[in-house]
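Residue-level structure breakdown
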Amino acid sequence: MAKLTNEELIAAFKELSIIELSDFVKLFEETFDVTAAAVAVAGPAGGAAEAEDEQTEFDVILEAAGDKKIAVIKEVRALTSLGLKEAKDVVDSAPKAVLEGATKEAAEKAKEALEAAGATVTVK
């Protein structure tokens, strides 16, 4: 099988419906045991050496859903692109990491969004 270029892959994805693309993402996640959010945040491996004293990756931990559980589930779905059931499972199993290895800016935005939805969140 010939190796497809990135441009050819994008062209193929453009032809898929949203449901077909969603099914592909789920299959990709299952096949490679990753989440789409983790792949997007991880970026290329083996970058330049980083300063040891400055933290560059942050985890956003959902401590509690609070009174507005449905709003928190919606926010988890928006942040992680998880399905409804998966997002509900994350919220129900709090404390649980919502984002792992995120940049400082992404972690702060996620924290603000989750807190606005009524959740208790910590960033580590």
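Check the entry above for the structure.
Please read these numbers as outputs of a predicted model, since none were measured by experiment.

Basis of the calculations
- Residues numbered from 1 in each chain as written.
- Predicted model: local features only at pLDDT ≥ 70, side-chain atom pairs only at ≥ 80, totals over all residues.
- Heavy atoms only, no water.
- Patch = residues over 30% accessible without salt bridge, like charges linked within 9 Å, V, L, I, M, F, W, Y side chains within 5 Å.
- Areas by Shrake-Rupley, 256 points an atom, 1.4 Å probe, with all protein chains shown as cover.
- Salt bridge = Lys/Arg side-chain N within 4 Å of Asp/Glu carboxyl O.
- Lys, Arg positive; Asp, Glu negative; His and termini not counted.
- Charge placed at Lys NZ, Arg CZ, Asp CG, Glu CD.
- Helix = DSSP H or I, 4+ residues; strand = E, 2+ residues; numbered from the N terminus.
- Expected span 1.5 Å × (residues − 1).
- Buried < 20%, exposed > 50% of the residue type's maximum accessible area, 1.4 Å probe, protein only.

With that settled, the discussion passes to a negative patch on the surface. Taken together, the side chains of Glu-105, Glu-108, Glu-112 and Glu-115 define an acidic patch exposed on the protein surface. Residue placement: Glu-108 occurs in helix α6 (residues 104-116).

Time to look at helix α4 (residues 69-80). Helix length check: α4 (12 residues) gives 16 Å between terminal C-alpha atoms against 16 Å at 1.5 Å per residue, within 8%. Backbone geometry just downstream of α4 places Ser-81 in the positive-phi region, at approximately 60°.

Okay, the pattern of salt bridges next. A complete count under the given rule lists 3 salt bridges for this structure. For the salt bridge of Lys-69 with Asp-92, the shortest nitrogen-to-oxygen distance reads 2.5 Å. Separated by 23 residues along the polypeptide, Lys-69 in helix α4 and Asp-92 in helix α5 (residues 84-92) bring together distant segments of the chain. Asp-89 is the salt-bridge partner of Lys-85, the closest N and O atoms lying 3.1 Å from each other. Pair noted here: Lys-85 and Asp-89 are both in helix α5, with a separation of 4 residues, about one helical turn. A relative accessible area of 57% places Lys-85 in the exposed class.

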